[in-house]
Structure formats: C-alpha cells, structure tokens
Amino acid sequence: MLDIIATLQAEAETFQTLSAEELEKFRIKFLGKKGELTRLFDDFKAVPNDQKKVIGQKLNVLKQLATAKYDELKNTLDSSKHTIQLLDLSAPAESYAAGSRHPVNIVMNDIIKIFNRLGFTISDGPEIEDDWHVFSALNFPPEHPARDMQDTFFISKTPDVLLRTHTSSVQVRTMENQQPPIRTISPGRVFRNEAISLRSHCMFHQIEGLYIDKNVSFADLKQTLLYFAKEYFGADTKIRLRPSFFPFTEPSAEMDISCSFCKGNGCAMCKYSGWIEILGCGMVHPNVLEASGIDSKVYTGYAFGIGIERMALRKFGITDIRMLFENDVRMLNQFSKFL
Ligand code: DAH
C-alpha cells in the first residue's frame, strides 16, 4: 500500500495541465467518489493496527497534496480563461459609460447659447489675477472692504497676486486688448474667502457680460436682459430693475425676475415676494473705460454679472450648494439626460 501511495504522490506532484478536461480527469482519478483516495481510505480499514499510524499519515499527505494541486491548477485555469476573454479581439466592445454634464455647466451653456444668438462673443481671463484687474481698474477705492483678507484670497501682497473674486476682471482685460465695438460674455470660476455653508461656497461661477459701443444706453441693457430672461425662464417672465451700487457701474441695478413657481403670487421659493434676484448690472463707469484705454467721451457701455450656482440650485431643486462640488457620482449621474 505504501508503494501505491508513493507512486500516486509522485504523479500528483509532477502533474501539470492547462486543459480543463485533463484537470477534471485528475480530479476524478484522485478525489472522485470512486477515485484512488476513496479506495485507499477503504483499504486503510484493513491495515493492521501497528501500521495504521505511518500509512494514515502518508494517506493524509497525499490527500492534501492532490487537493492543493487541483485548487492551484483550477485557479490558474480560471484566471487564464479571463485573460483569453480580454484578448478576444473579435469580441464586441464593452459599452463605455459616458459621464454626464455638471449642473453648473448645463446652466452656463444654456446662458451662453442665448447670448451667442445676440452676437456676444466669449472671452476668457485668468483665475489668478492682480489687484489692478480685479479692483483698481474697476474703480474700487483703495480702502474698499472687498480688498479685505476676509473677502479675498491673496496669494502674495508684493507682487500683488490674488484669486479673482468676480469675472468683472475679464472686462478690463478685454477692453485693454480691444477697441469698441465690444460685445462679449466671460464665463468662469471665482473665489471668495467665505465660510462654506448650505448657501455659500468659497468657489463658484459667474458669467460677465459687456457691451461697449457708441450710444449704448440703459434702454439697451434693459431690453437685452428682458430678452435673456424670457428666453431662459419662459416667455411670460417679467423683470424688475432695482437701484443698487457697484463701483464699476453708474447707474447700477439689480435685476429680479418674476417667480416662475408662483407666477408672482408669493411662495417659499421667492420668500413670498413674488420676485427672485438674478444678477447685477449697470452702465460701465467712465473711470473704468478710461482705466482700460477707452475714450469715455466717445463710447458708453453696459455690463452685467450673473451668478450661476443660484440658478443651478433653483433649476434642479438642489437644496445645498455643497452638493455641487462634492463630486458624488450618485448625484452627478442624475444629469446624464442633459448630455
Ligand atoms: N461683479 C459683481 C459681483 O461679483 C457682479 C456684477 C454686478 C457684474 C454689476 C457687473 C455689473 O458687470 O455691472 O457681485
């Protein structure tokens, strides 16, 4: 019996195969119900007691060896099957899951499309800016609170490097590089040193609008914004301009639209006022034109700045601004239909 065990042991040790059939034959021969091991364990019952210990140990070693060999070869076979599948060049390609557009991008693109139809070009400027383009050229006095460390992320004081707090900086860059007529919008990211909460974030998006030419009037601004509001929010939308203040426009205004949820009757969305604030705007201050090399006696213009996040939150019924930037795919996947 020891001879048989030794022969089988040698066979199991040297056995190698890449074929599932051969491996199955090995399993049946060694580990099957009617296999060698079953037979040997049956025979073992008849072994004299004084030999039981030695033969029993050898039998167990053989069983472990055959089982381990089978498991090992089965594993190799399974994983090589997988490799072969991956390398099957005739197999149909696995479908590729495309991402979805981000809600902020969806709103930005929709707004851009409307202004493109009105002949506005798109201009771009750097997110890392200097004091001149973000504040000084926009007529901010030196002591203006927006320059405070609490409001603005300064990268260095000398030379002055900071993160732009609004896209109005692109107005300045455009006017420095181009003579009127200028009709452009500047979408982009802006940064403010604010505590992150349900309603505010330290990074968000704006679209800046600028129109400079001879005889541009406040009526042109109003008509353009009315057109935008009707295109974006629906034909029955009304607008309201409230006097406001920005250093870079004079006169300045804030524009509200009639609440699309309650049609102006008052609801939680519009805090029961019937109106929702959408953007800031005004006639470009002569100082701003002059600072950028445009003759304010010849040219006038209007500007406006739209905050994107607030519009995205409202459009999609999102209640927490932080959800826009957590990149949780469970949230982002829901926008795939807007591709
Ligand atoms: N820059 C302003 C802000 O960040 C928005 C703004 C208001 C832009 C009036 C303009 C404007 O161009 O005319 O709050």
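Residues numbered from 1 in each chain as written. Predicted model: local features only at pLDDT ≥ 70, side-chain atom pairs only at ≥ 80, totals over all residues. Heavy atoms only, no water.

Trainee: Just checking my understanding: could you explain the domain arrangement of the chain for this structure?
Mentor: The extent of an interface is frequently quoted as the accessible surface area lost upon association of the parts. One can read the domain layout of the chain as domain 1 (2–80) and domain 2 (103–338). Measuring from the centre of the C-alpha atoms in domain 1 to the corresponding centre in domain 2 gives 78 Å. (Domains from an automatic or database assignment.)

Trainee: Honestly, the pattern of salt bridges in this entry has me stumped. Any pointers?
Mentor: Where charged atoms from two side chains of opposite charge come close, those side chains can pair. For the structure shown, the criterion picks out 19 salt bridges. Close ionic contact of R240 with D256 constitutes a salt bridge, the shortest N to O distance being 2.9 Å. You can see R240 sitting in strand β7 (residues 239–246) and its partner D256 sitting in strand β8 (residues 249–258), a full 16 residues away along the chain. Taking the relative accessible area as the measure of exposure, R240 reaches 32% and is therefore partly exposed. Each of the salt bridges in this network shares a partner with another, and the network as a whole consists of R240, R242, E254, D256 and E277. (Salt bridge = Lys/Arg side-chain N within 4 Å of Asp/Glu carboxyl O. Helix = DSSP H or I, 4+ residues; strand = E, 2+ residues; numbered from the N terminus. Buried < 20%, exposed > 50% of the residue type's maximum accessible area, 1.4 Å probe, protein only.)

Trainee: Got a minute to help me understand the nonpolar core in this structure?
Mentor: Note on soluble globular proteins: their nonpolar side chains tend to be buried together. Membership of the largest hydrophobic core comes to 45 residues, with the highest contact counts inside it found for I111, F228, L279, F304 and I306. If you list the elements that add at least two residues to this core, you get α5 (103–117), β6 (203–213), α8 (218–233), β8, β9 (275–284), β10 (300–307), α10 (308–316) and α11 (329–332). Those residues in contact with L279 that lie beyond four places of it in its chain are L225, F228, A253, E254, M255, F304, G305 and I306. Among the nonpolar cores identified, the runner-up in size contains 19 residues, and L138, L162, I182 and Y299 belong to it. (Core = buried A, V, L, I, M, F, W, Y, C linked by side-chain atoms within 4.5 Å. Contact = heavy atoms within 4.5 Å.)

Trainee: Just checking my understanding: could you explain the sheet that holds strand β3 (residues 154–156) for this structure?
Mentor: Backbone hydrogen bonds hold the strands of a sheet together, and the pairing may be parallel or antiparallel. Read across the sheet, 3 strands follow the order β2-β4-β3 without closing on themselves; strand pairing throughout is antiparallel. Of all the strands in the sheet, the pair left with one neighbour each is β2 (128–129) and β3. With 2 bridges joining them, β3 and strand β4 (residues 161–163) adopt antiparallel strand pairing. The residue of β4 that forms the bridge with S156 is V161. (Pairing = 2+ DSSP bridges.)

Trainee: It is not clear to me how the environment of M203 should be interpreted in this structure. Could you clarify?
Mentor: Secondary-structure assignment places M203 in strand β6. Between the C-alpha atom of M203 and that of E309, which follows or precedes it by 106 residues, the distance is 10.0 Å. Apart from the residues lying within four places of it in its own chain, the contact partners of M203 are R189, V190, F191 and F325.

Trainee: I keep staring at the site of the ligand and nothing clicks. Help me out?
Mentor: The environment of the ligand is made up of 15 residues, and the closest members are H166, S168, R192, Q206 and E208. In the environment of the ligand, a nitrogen atom lies 3.0 Å from a nitrogen or oxygen atom belonging to the side chain of H166. Contacts to the ligand include Q206, whose side-chain N or O atom sits 2.9 Å from an oxygen atom. Protein burial of the ligand: of its 350 Å² of free accessible surface, 89% is covered by the chains. Contributing elements (two or more residues each) for the shell around the ligand: α7 (168–177), β6, β9 and β10. By residue class, the composition of the shell around the ligand is 5 nonpolar, 8 polar and 2 charged. (Near = heavy atom within 4 Å. Polar contact = N/O pair within 3.5 Å; in protein donor to acceptor, adjacent residues only side chain to side chain. Areas by Shrake-Rupley, 256 points an atom, 1.4 Å probe, with all protein chains shown as cover. Nonpolar A, V, L, I, M, F, W, Y, C, P; charged D, E, K, R; others polar.)

Trainee: Sorry if this is basic, but what is going on with the pairing of β10 here?
Mentor: For a regular strand, side-chain orientation follows a simple rule: the groups alternate between the two sheet faces. By the bridge criterion, 8 bridges tie β6 to β10 in an arrangement that is antiparallel. Paired with I207 across the two strands is I306, which belongs to β10. Sheet topology note: the β9/β10 ladder contains 5 bridges and is antiparallel. Paired with L279 across the bridge in β10 is I306.

Trainee: How should I be thinking about unusual backbone geometry in this particular structure?
Mentor: Cis geometry is found at the peptide bond from T158 to P159, where omega equals -5°. With respect to the helices and strands, the residue P159 is situated in the loop between β3 and β4. Along the chain, P180 connects to P181 via a cis peptide bond; the corresponding omega equals 5°. By the secondary structure assignment, P181 is in the loop between α7 and β5 (182–191). Notably, K263 is not glycine yet its phi reads approximately 55°, a positive angle. Considering the arrangement of structural elements, one finds K263 in the loop between β8 and β9. Using a relative accessible area of 54% as the deciding quantity, one classes K263 as exposed.

Trainee: Please explain the side chain of D320 as it appears in this structure.
Mentor: On the secondary structure map, D320 appears in the loop between α10 and α11. When neighbours within four sequence positions are excluded, D320 is seen to be in contact with S197, L198 and L313.

Trainee: So what exactly am I meant to see when it comes to the environment of V190 here?
Mentor: Mapped onto the fold, V190 is located in strand β5. Counting along the chain gives 98 residues from V190 to P92, while the straight-line C-alpha distance between them is 45 Å. If we skip the residues at most four places from it in the chain, V190 touches R164, T165, H166, T167, C202, M203, F204 and Q206.

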